[in-house]
Number of protein chains: 2
Amino acid sequence: MSTPPSSADEPISAGELSARYDKFVVDLLGGIAYGELSGFERLSSDARYSPTLNDRSVLGKMAVAEFGHYEMVCGRLLAMGMDPELAMLPFQRMVDAFHERTQPADWHESLMKAYVVDAITEDFYAAIAERLDGETRGIIAKVRTSTEQTALLEGLLKKMLDEDPRLSSRLALWGRRLVGEALTQAQRIGARHSFLVGLSPEGTQEESAAEVAAILAQLTRGHSKRMSRLGLTA
Amino acid sequence: MSTPPSSADEPISAGELSARYDKFVVDLLGGIAYGELSGFERLSSDARYSPTLNDRSVLGKMAVAEFGHYEMVCGRLLAMGMDPELAMLPFQRMVDAFHERTQPADWHESLMKAYVVDAITEDFYAAIAERLDGETRGIIAKVRTSTEQTALLEGLLKKMLDEDPRLSSRLALWGRRLVGEALTQAQRIGARHSFLVGLSPEGTQEESAAEVAAILAQLTRGHSKRMSRLGLTA
């Protein structure tokens, strides 16, 4: 947070570059850990609205996997000599705000939220993984949701929309709201914690901002594609 | 449910005894599975009220263990050729009613609920285990909470009460409410599903009722002892 913004006429030392990258990794892991912990709590609460006990256990299983991710990322932070609680704290308010603003009203909205948030998180992990050191990339690879899980959610949503096509317009609107809130909070996190500056530590502030914008555009495109696959207007 | 009550002048055939026991085991496992699933959802939602992220993960870990128990018991029901969903359904309304009537208002009440419900469930499992066949007893042994988990909760509660002794009277009252609701719902389940008749399949209805009463008295005693250990009036 105290790292000054770089500009083209101010060369950055190797030491500062490395410190900036380390801070970025701690922020990234702290953000992921808190996201997974709160995802676990919200998913398992939302599971209660499932029409069948079987559907409840689908969201429950997903929630349990997120708790496992949370524990793994905390383990990595500890191994780095960091306090996971301190690393998570800066993200608490904004992640909580996202969940408060996107409380599902029923099972349809819960399932849609699980799918949309899960998929966009996956896309985010994929987008940043290639820019990370090997060890951090290894951790990110382990917190990714299994493809079967995502396919399972997509299948449940398709079935739900087939059975009740009147849900389409409501869920399309809900999908837009979810992605809008997610990107708003992501941008706020980026702005306040110079979170994503670490993605191009040698670049200028403008270059970092452009990179962040490119990632957000990529996430939006991925979301639109998924909504189309469900027959919904993104 | 359709099994007629036995009486001393009506001998019961070995086949009927065995059918009665099998139905009892399915009911028992269905009740446990639903209790663990809803415990998982409630605990992980309650975890959100924790004052620190560290405390949140204590309840989270406990919730995750309960989901594992739920999955294990469902696996056993499937292996017995039963539909876990059907086995759980009869218990849904009463377990949900218990949770609705005992929604914690804050972190203190959440932690107390986790501890009280967990401990009384443990005592229940211990009380019935000795009356079961080996295979069912093996499953019950696997769904028991680790002693460390219970000790951890007790430690957190003691610390909380030491730090703020004014909590004592509120938590003592809350403890009584929790155990009252738990035993009320347990008795209802017993009455409506002739659930615990299976504990003494050869006995008369009066003998079964006496056995159930003995178990409930045992659970109440255990609860009182734990409350005393915390310095609370049970």
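Just above sits the structure.
Model, not experiment: these values are computed from the prediction. Going along each chain's sequence as written, the residues are numbered from 1 onward. For this description, chains carry letters from A and ligands carry numbers from 1, given in the order in which they are written. For a predicted model such as this one, the threshold for reporting local features is a pLDDT of at least 70, and the threshold for listing and counting side-chain atom pairs is 80 or more; totals across whole chains, interfaces and linings nevertheless cover every residue. Processing note: side-chain calculations cover all non-hydrogen atoms of the structure and skip hydrogens and water entirely.

K.L.:
Honestly, the environment of B:E206 in this entry has me stumped. Any pointers?
P.N.:
Residues and elements named next belong to chain B. Helix and strand assignments come from DSSP, with helices taken as H or I runs of at least 4 residues and strands as E runs of at least 2, each series counted from the N terminus. Structurally, E206 is set in helix α8 (residues 205–229). Relative accessibility decides the category of a residue: with a 1.4 Å probe and only protein chains considered, values under 20% of the type maximum give buried, values over 50% give exposed, and everything between is partly exposed. In this structure E206 comes out as exposed when scored by relative accessible area, which is 58%. Along the primary structure E206 and R221 are separated by 15 residues, whereas in three dimensions their C-alpha atoms are 22 Å apart.

K.L.:
Before we go on, may I ask you to explain the environment of A:V58 in this structure?
P.N.:
Residues and elements named next belong to chain A. Residue position: V58 is located in helix α2 (residues 53–79). With 11 residues separating them along the chain, V58 and A47 place their C-alpha atoms 8.2 Å apart. Whether two residues are in contact is decided by their heavy atoms: any pair within 4.5 Å suffices. With sequence-adjacent residues up to four places away left out, V58 is seen in contact with Q149, L152, L153 and L156.

K.L.:
What is the right way to read the packing of helix α1 (residues 14–46) of chain A against α2(A) from this model?
P.N.:
When two helices pack together, their arrangement is given by the angle between their axes and by how far apart the axes lie. Residue and element names in this part refer to chain A. Under this scheme, a helix contributes an axis fitted over its contacting stretch, all axes are lines through C-alpha atoms, and angles between N-to-C directions fall in the 0 to 180 degree range. Where α1 meets α2, the closest approach of the two axes is 8 Å, and the angle between their N-to-C directions is 155°. Our classification of the angle between α1 and α2 gives roughly antiparallel. α1 and α2 meet at a crossing whose hand is left-handed. Mapping the contact onto sequence places V26, L29, G30, I32, A33, E36, L37, G39, F40, L43, S44 and D46 in α1 and L59, M62, A63, V64, E66, F67, H69, Y70, V73, C74, R76 and L77 in α2. When residues are sorted by character, Ala, Val, Leu, Ile, Met, Phe, Trp, Tyr, Cys and Pro go into the nonpolar class, Asp, Glu, Lys and Arg into the charged class, and all the rest, Gly among them, into the polar class. A breakdown of the residues in the contact of α1 with α2 according to their chemical character gives 16 nonpolar, four polar and four charged. Small angles under 35 degrees read as roughly parallel and large ones over 145 as roughly antiparallel, with 65 to 115 read as roughly perpendicular and the rest as oblique. By convention, the crossing between two helices is left-handed when the near helix turns anticlockwise from the far helix through less than a right angle, and right-handed when the turn is clockwise.

K.L.:
Please clarify how the relation of the copies chain B and chain A should be interpreted in this entry.
P.N.:
Related by rotation about an axis and a shift along that axis, the two copies of the chain form a pair. The least-squares superposition of copies is restricted to C-alpha atoms, and to residues with a pLDDT of at least 70 in both copies. Superposition record for chain B on chain A: RMSD 0.0 Å, screw rotation 180°, translation along axis 0.0 Å. Considering both components of the superposition, the chain copies are consistent with a two-fold axis. Interface overlap between copies is the fraction of interface residues in one copy that are interface residues in the other; for chain B against chain A it reaches 100%, indicating a shared surface.

K.L.:
Can you help me understand the interface of chain B and chain A in this one?
P.N.:
Put simply, an interface is often sized by how much accessible area is lost when its parts join up. The partner chain A presents 26 residues to the 26 residues of chain B that form the contact. Summed over both partners, the accessible surface that disappears when two parts come together, traced with a 1.4 Å probe, is what is meant by buried area. Of the roughly 2200 Å² buried between chain B and chain A, counting both surfaces, carbon and sulfur atoms make up 55%. Of all residues in chain B, B:E41, B:L53 and B:R56 bury the most surface against chain A, accounting for 28% of the area lost on that side. Salt bridges are identified by distance alone: a Lys or Arg side-chain nitrogen within 4 Å of an Asp or Glu carboxyl oxygen. Where chain B meets chain A, there are four salt bridges. Put simply, A:R56 and B:E41 hold a salt bridge, and the shortest N to O gap is 2.8 Å. For this analysis, a polar contact is any N or O atom pair within 3.5 Å, provided that within protein one partner can donate a hydrogen and the other can accept it, and provided that sequence-adjacent residues contribute only side-chain to side-chain pairs. Connecting chain B to chain A are 12 residue pairs in polar contact (both at pLDDT 80 or more). Secondary structure elements with two or more residues in the side of chain B that touches chain A: α1 (14–46), α2 (53–79) and α3 (84–101) of chain B. By residue number, the principal contributor to the side of chain B that touches chain A is α2(B), which donates 11 residues. Looking at the side of chain B that touches chain A residue by residue, the classes come out as 11 nonpolar, eight polar and seven charged.

K.L.:
Any chance you could explain the nonpolar core here in plain terms?
P.N.:
The nonpolar side chains of a soluble globular protein tend to be buried with one another. In this structure, A:M112, B:L59 and B:M112 are the most contacted members of the largest nonpolar core, which totals 125 residues. The residues contacting B:L59, other than those within four sequence positions of it, are B:L43, B:D46, B:A47, B:W107, B:S110, B:L111, B:A114 and B:L153. What is meant by a nonpolar core is a set of buried Ala, Val, Leu, Ile, Met, Phe, Trp, Tyr and Cys residues, joined one to another through side-chain atoms within 4.5 Å.

K.L.:
Sorry if this is basic, but what is going on with helix α6 (residues 147–163) of chain B here?
P.N.:
The α-helix winds at 3.6 residues per turn, so residues separated by three or four positions along the chain end up facing the same way. Residue and element names in this part refer to chain B. Between the first and last residue of a helix there are one fewer steps than residues, each counted as 1.5 Å, and that sum is the expected span. In this model α6 runs 24 Å from its N-terminal to its C-terminal C-alpha over 17 residues, within 8% of the 24 Å that 1.5 Å per residue would give. Buried residues of α6: Q149, T150, L153, E154, L157, M160 and L161, and no others. Axial view of α6: buried residues confined to an arc of 135°, hence all on one face. Residues of α6 that are exposed and point over 90 degrees away from its buried face: T147, E148, K159, D162 and E163. What the arc covers is the set of directions going from the helix axis to the C-beta atoms.

K.L.:
When you look at the packing of aromatic side chains in this model, what are you seeing that I'm missing?
P.N.:
Aromatic ring pairs are reported here in terms of the distance separating the ring centres and the angle at which the planes meet. Pairing of aromatic side chains here covers Phe, Tyr and the six-membered ring of Trp, requires ring centres within 6.5 Å, and sorts the geometry by plane angle: under 30 degrees stacked, over 60 edge-to-face, intermediate tilted. Within the structure shown, the criterion is met by nine aromatic pairs over all chains. Both rings, one in B:Y21 and one in B:F24, keep their centres 5.9 Å apart while their planes meet at 50°; by these two values the pair is tilted. Highlighted residues: B:Y21 and B:F24, both in helix α1, separated by three residues, approximately one helical turn. Given the relative accessible area of 2%, B:F24 is considered buried. Clustering of aromatic rings is evident, with ring pairs tying together A:F40, A:F67, A:Y70, B:F40, B:F67 and B:Y70.

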